Each structure stands twice: as structure tokens, then as C-alpha cells.
Amino acid sequence: MPRKPRIHYEGALYHVIVRGNNRSSIFEKKENKAEYLNIIKRYKKKYNFKLYAYCIMDNHAHLLIEVDKVPLSKIMQGIQQVYTQNYNKDYERTGHVFEQRYKAIICDKDIYLLNLIRYIHMNPVQAGMAKGLKYKWSSHNKYLKEKSDLIDYQFPLSLFSNNKKQRKKLYIAFMTEKEITELENYSLSKEEIKKHVKDDEEEKTIQIDLDVIINKTIDYLDLSKEMLKSRGRNRKISTARRVIILLARNHTEASSVSISEAIGVTKSLVSKINNDLLKTDDGVYKIYNEIIGAINSTFQP
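An account of the accompanying structure is given in this report. Note that the structure is predicted; figures quoted are calculated from it, not measured.

About the criteria used
- Residues numbered from 1 in each chain as written.
- Predicted model: local features only at pLDDT ≥ 70, side-chain atom pairs only at ≥ 80, totals over all residues.
- Heavy atoms only, no water.
- Helix = DSSP H or I, 4+ residues; strand = E, 2+ residues; numbered from the N terminus.
- Buried < 20%, exposed > 50% of the residue type's maximum accessible area, 1.4 Å probe, protein only.
- Contact = heavy atoms within 4.5 Å.
- Areas by Shrake-Rupley, 256 points an atom, 1.4 Å probe, with all protein chains shown as cover.
- Expected span 1.5 Å × (residues − 1).
- Polar contact = N/O pair within 3.5 Å; in protein donor to acceptor, adjacent residues only side chain to side chain.
- Core = buried A, V, L, I, M, F, W, Y, C linked by side-chain atoms within 4.5 Å.
- Pairing = 2+ DSSP bridges.
- Axes fitted to C-alpha atoms, helices over the stretch in contact; angles between N-to-C directions.

**Quick word on the overall build of the protein chain**
Link 1 in the chain: Assigned secondary structure in the protein chain consists of 15 helices and 4 strands.
Link 2 in the chain: Taken across its 301 residues, the protein chain has 49% of its residues classed as buried.
Link 3 in the chain: Put simply, of all contacts in the protein chain between residues at least 6 apart along the chain, 74% involve residues at least 24 apart.
Link 4 in the chain: Of the roughly 16300 Å² of accessible surface on the protein chain, 48% is carried by carbon and sulfur atoms.

Now the structure itself:
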């Protein structure tokens, strides 16, 4: 079943949560955290989105992003894939680094912006970390210093006061309130979303184009599209089909019907192929990751 496309409109605010695959610690070292932030900075400059807050923990990260013209999926696609490629290269490994799809909650900016910033900055406190709010890898310190080329702190702080000294005091008081209510229902309602975007304007972009996956795979295996869609049952053609199905299901919004028609197999075969195959077939696993690496390289700035 294809994933539901993300909603996109200019000015949409998203609370994004990314996690390591199987909750693994993909940001454990300070170098990992610094690299992830550098990649975010690179794509922020490229796609002109606003970043109001972040917190990079060892096995997950929170980002508070307001998009402009470029949809969130394209932004996160670039960030996640470049980090994955670099991480796998640095640690001489293959496979997924992140959970297959990040969590993105479209938020009510007018009501919850400050509360979301506090929620994200309080992550180290809630986790019982010794440094608490002074945790190095959150944007809290950027708000205190009011100096950053990554964080868009100006507007949130202006909600406290236009006086620099006064707003800093109010911000600190807000962050350190003893009674902090849990964030509930901070996402925009369907009715509110409809005010911003029409049904036919929902984001249609996919993570990777299906044709790119097919072309990369047949080039790698020295096949043609005609051979791929033929009734041939040799090992190479079978492997190519399996790799394409897995890549398409994991990295596109394409439906099972679209995939089956593109490579000349039945819809039932597409439905049967799942990620367990990556654990049991070394040949498919190797080619799958080689193709991902080749595609990832196209996202390097």
C-alpha cells in the first residue's frame, strides 16, 4: 500500500523526529552530531527553510522546520541520504541508518511555536542528562547568545519582547518553568490545513523517482528494460526485479500496481517481496546497497 503523501504549503511548520534504525545510536559521537548539523546547514542554505529549534540525541533527533517553496520531503531526503552515505562510508557498513520514514507532525504555529521549542530544548532534561538545558547539541544555547547562522531565533524571541535584555529573561523564565504541561493536540486540524492547501495541491513528490531506481539497477546488472520486462527467469533478471521492488517500496511513493507495470511482474509478487529478503539473500542485499550508494551520490551538493 503506497504511503500517503505529505501535506505541503508555504509556511507549514513541522515537528520532525528522526530515529536510528532499530533505535540504534547513530549520533553517538560528537563528530556524528556535528556532521548532521553541517548537512542541515547546507540544505537550509540550498532550500531556504527556517529552523526554529533542534536537539540531537544519541539515537534520535528533533527538528522544528518551517518550509518555504520546497516541500519537507525533498529537504529531508537530501539530509537523510547524505548523512546515510557518509555514515556508511565512515564506518565501512551498508544498509539503513535511519528508520525508513521520519515522523513529521504539521503544527499549529500560532499557538504552539514556543511550546514546541521548549519541548525540544527540554529533551536532555527529560532524559535525565547531567547538563540538562546546557546540553551542547540543542539550539537552546543559540537562543541565549542570539547568535547563529543556523537557527532562526529572532521571531520566537520577539514574541517575548523587542527589548533584548527583557526577552532573554522572559525566555529563560519560560524554559525553566516548574510546571510544564505535556504537549497535546499541537498538530493542525484537518479543517485548519484545508485553509492553507487544497486537496489537489497536496505534495506529489516522491523520495526517489521510480525510473531512476530502474535505470540504476539495470545499468549495474548490465540489463535492458526489455530484458527486465521479458519472461526470462534467469538469476540476474530475478535479482534485478527484487532489488527494484525493495528500493521502490522503501524509497518511493509508487503503488504496487505502478511497480508491477514498470518491471513486468504481477502485483502479487510486488506485495510478497519485503525487507526480510535483505537478511536472507546476500546477493540482493549487496546490490540493493550498491544502488542506494549510487543514487545517494547524486544528492551531494
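There's plenty left to go through after this.
**Looking at helix H11 (residues 235-251)**
Link 1 in the chain: Look at H11: 24 Å from first C-alpha to last across 17 residues, which is about the 24 Å you get at 1.5 Å a residue.
Link 2 in the chain: Counted residue by residue, H11 has 12 buried out of 17 residues, so it is predominantly covered.
Link 3 in the chain: Capping the start of H11 is the job of one residue whose side-chain oxygen sits 3.0 Å from the backbone nitrogen of Lys236: Asn234.

**Quick look at the nonpolar core**
Link 1 in the chain: With 63 residues, the main nonpolar core has Val16, Tyr36 and Met76 as its most contacted residues.
Link 2 in the chain: Breaking this core down by element, the ones donating at least two residues are strand S1 (13-19), helix H1 (30-47), strand S2 (50-56), strand S3 (60-66), helix H2 (72-90), strand S4 (103-107), helix H3 (109-121) and helix H7 (164-175).
Link 3 in the chain: If you tally residues by element for this core, the top one is H2, at 7 residues.
Link 4 in the chain: Residue contacts for Val16: discarding those within four places in its chain leaves Ala61, His62, Leu63, Ile65, Leu72, Met76, Tyr102, Lys103 and Ala104.
Link 5 in the chain: Judged by nonpolar contacts, the second largest core, of 29 residues, contains Ile218, Leu221, Leu247 and Leu278.

**Quick look at the sheet that holds S3**
Link 1 in the chain: If you walk across this open sheet you meet the 4 strands as S2-S3-S1-S4, and the pairing is antiparallel. One side of each edge strand has no neighbouring strand; the edge strands of this open sheet are S2 and S4. The average undirected angle you get between the axes of adjacent strands in this sheet is 15°.
Link 2 in the chain: Of the pairings in the sheet, the one linking S1 to S4 comprises 5 bridges and is antiparallel in character. Counted as the bridge partner of Tyr14 is Ile106 from S4.
Link 3 in the chain: Packing against the sheet, H3 makes contact with S1, S2, S3 and S4, and its axis sits at approximately 30° to S2.

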